[in-house]
Amino acid sequence: MSPPLFQAPIGTHDVLAPQSALWEGVVATFAEFAYRYGFTLILTPMFEEIGVFNRGIGENSDVATKEMYVFQDRGERTYALRPEGTASVVRAFVQHQPTIPYKAWYVTPAFRYERPQAGRYRQHHQLGVEVLGSDDPAVDVEVITLAWRFYQSLGLTQVRLLVNSMGHDECRGRYIDVLRGHLEEYREQLCDEHRDSWSQNPLRVLDCKKPECVAVTDVGPMLPDFLCADCASHFDSVRGGLRDLNIDTTLDPRLVRGFDYYTRTTFEFVAEALGSAQNAIGGGGRYDGLAEQLGGKPVSGIGFGSGIERLLLAREAEGVTSPLINRVTDVFIVDTTGSDAATVLADLLRGQGLAVERAFDGRSMRSQMKLADRSGARVALVIGPQELATGQITMRDLRSDDFEQAQVSVAREDLSAALLALLNK
Ligand code: HAM
């Protein structure tokens, strides 16, 4: 019986070349930005005790109730695969108590049991940053600016920045009370799901995209009208700071986002080229109470996460084709001598920083030349028995159409210089 043909699980994707070069480019670009803005890399486990996420993102959030991958290990401990990056970073911050402000960046897979569709997956990949230890609005501006400049450097030009403030516990609490009254009054008009569940977490109704809920909340109270003087002035400073950097913000009073940890500034980056579904390429906000929720001292925090898949979809939708990173083969070595000439030469050239490919399995000259063409290499270096005997190497410019001109014979000791001259031509 032949073995079953396994496929990647539903809602997940393998990423192979050439697409994977774009991933490399996006991650390398983000790492460079994180470095410029003073962030250091953090790695945390892909799974945590379930409490980290239940306490962090909120037991009643959609992600915690419907979307987490929860499992018991062989020691019967209950863990969850990370559905997002923030809770793990804050757990690690509380555990290790690094000096504040602590500025960390990450790149990580995240797992959510969602209904897969374009731009929505069961395993997606996030780039993100978190800052712990300051509630200065200048930090909010810095975090949002990092994201904005990063998107610009990816070539994205059609991105809208939505902002809102969730206030602190007190002003949000006052708002929720009034919202509760409003939803109670209109409960019969809510969507099927929220008609029953609105009272568990009324803010979730603001997130609901169903027309029934939108109609009810549209005529209801809005968060920004309930901010206390401190929160309002914090929010003004954030928007003002962004304005000074020519970064436009659009106030979206229903932007409460999906997790319970948010306080004060919340924001989302929408790629307009993606249409209306799954168009958020990034989002984040403050979470000034999260460290305490996870057993630490009260410490302010803010960050954002951005989905790599959606960033690439947004680039495609905007028609951006820049490669982001150079991933071309410089040299392909064709060796028909059956000796270790290709091995030695490849080692030498790679040591000089060149990207070198070669053939294996004793293929014919014709077959190796075909591989050289297919590799996209700029130059082929040919070593046959004659070259081996005379200490010469045949250097062939694979991008030239002129057969005579394309090929020259170079003495081994002159090869590096000749090669560099050709590659820089
Ligand atoms: P989030 O908005 O849930 O926030 O996710 C951040 C980004 O990840 C989204 O804007 C989107 O680009 C991408 N994303 C989320 N879910 C999926 C999915 N199922 N498929 C594809 N892409 C997806 C957070 O996760 C917060 N931890 C962000 C944050 C950091 N807040 C403060 N610090």
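To be clear, the structure that these remarks concern was listed above.
Because the structure is a prediction, the values reported are computed rather than measured.

Caption draft 1: How the structure looks around the site of the ligand. Of all residues adjacent to the ligand, which total 27 residues, the nearest are E84, T86, E114, Y262 and A280. One of the side-chain N or O atoms of Y261 is found 3.2 Å from a nitrogen atom in the ligand. In this structure, an oxygen atom belonging to the ligand sits 3.3 Å away from a main-chain N or O atom of G282. Within the complex, the protein chains bury 96% of what would otherwise be the 650 Å² of accessible surface of the ligand. Of all the elements in the fold, those that place two or more residues in the shell around the ligand are β6 (123-132), β10 (280-286) and β11 (301-307). For the shell around the ligand, the element with the highest residue contribution is β10, accounting for six residues.

Caption draft 2: Region of the structure containing the pattern of salt bridges. This model, assessed by the stated rule, comprises 18 salt bridges. Residue R77 pairs with D73 through a salt bridge whose shortest N-O separation is 2.9 Å. Given the relative accessible area of 46%, R77 is considered partly exposed. Judged by its relative accessible area of 23%, D73 is partly exposed. We note a salt bridge from E272 to R160, for which the minimum N-O separation is 3.0 Å.

Caption draft 3: Fine view of the side chain of T108. Structurally, the position occupied by T108 is in strand β5 (residues 102-111). For T108, a relative accessible area of 5% puts it in the buried group. Dropping the residues within four chain positions of it, T108 is found in contact with M46, R82, H124, H125 and Q126.

Caption draft 4: Representation of helix α14 (residues 365-375) in the model. Among the residues of α14, those classed as buried are Q368, M369 and A372. All buried residues of α14 project into a common sector of 100° when viewed along the axis, lining one side. Turned more than 90 degrees from where α14 packs its buried face, R366, D373 and R374 sit exposed. A positive phi of about 80° marks G376, the residue just after α14.

Caption draft 5: Structural view of the environment of V344. Of note, V344 is situated in helix α13 (residues 341-351). Owing to a relative accessible area of 46%, V344 belongs among the partly exposed residues under this scheme. Sequence spacing of V344 and Q158 is 186 residues, and the spatial spacing of their C-alpha atoms is 50 Å.

Caption draft 6: Quick look at the packing of aromatic side chains. Here the structure, examined in full by the defined rule, presents 19 aromatic pairs. Between the aromatic rings of Y69 and Y113, the centroid separation amounts to 5.8 Å while the plane-to-plane angle is 70°, which identifies the pairing as edge-to-face. Here the residue Y69 occupies a position in the loop between α3 (62-67) and β3 (70-72), and Y113 occupies one in the loop between β5 and β6, the gap between them amounting to 44 residues. Residue classification places Y113 among the partly exposed residues on the basis of a relative accessible area of 44%. For the pair Y261 and Y287, a centre-to-centre distance of 5.7 Å together with 70° between the ring planes defines the contact as edge-to-face. With Y261 in the loop between β8 (250-251) and β9 (263-271) and Y287 in the loop between β10 and α11 (290-293), this pair connects stretches of sequence that are 26 residues apart. The class of Y261 is buried, set by a relative accessible area of 6%. The structure contains a cluster of three or more aromatic residues connected by ring pairs, namely F30, F33, Y37, W105, W148, F150, Y151, F267, F269 and F304. A cation sits over an aromatic face here: R36 above F33, 4.8 Å from the ring centre.

Cut-offs used in this document
Residues numbered from 1 in each chain as written. Predicted model: local features only at pLDDT ≥ 70, side-chain atom pairs only at ≥ 80, totals over all residues. Heavy atoms only, no water. Near = heavy atom within 4 Å. Polar contact = N/O pair within 3.5 Å; in protein donor to acceptor, adjacent residues only side chain to side chain. Areas by Shrake-Rupley, 256 points an atom, 1.4 Å probe, with all protein chains shown as cover. Helix = DSSP H or I, 4+ residues; strand = E, 2+ residues; numbered from the N terminus. Salt bridge = Lys/Arg side-chain N within 4 Å of Asp/Glu carboxyl O. Buried < 20%, exposed > 50% of the residue type's maximum accessible area, 1.4 Å probe, protein only. Contact = heavy atoms within 4.5 Å. Arc of directions from axis to C-beta. Phe/Tyr/Trp six-rings, centres within 6.5 Å; stacked < 30°, edge-to-face > 60°. Lys NZ or Arg CZ within 6 Å of the ring centre and 35° of its normal.

Keep in mind these values describe shape, not function.
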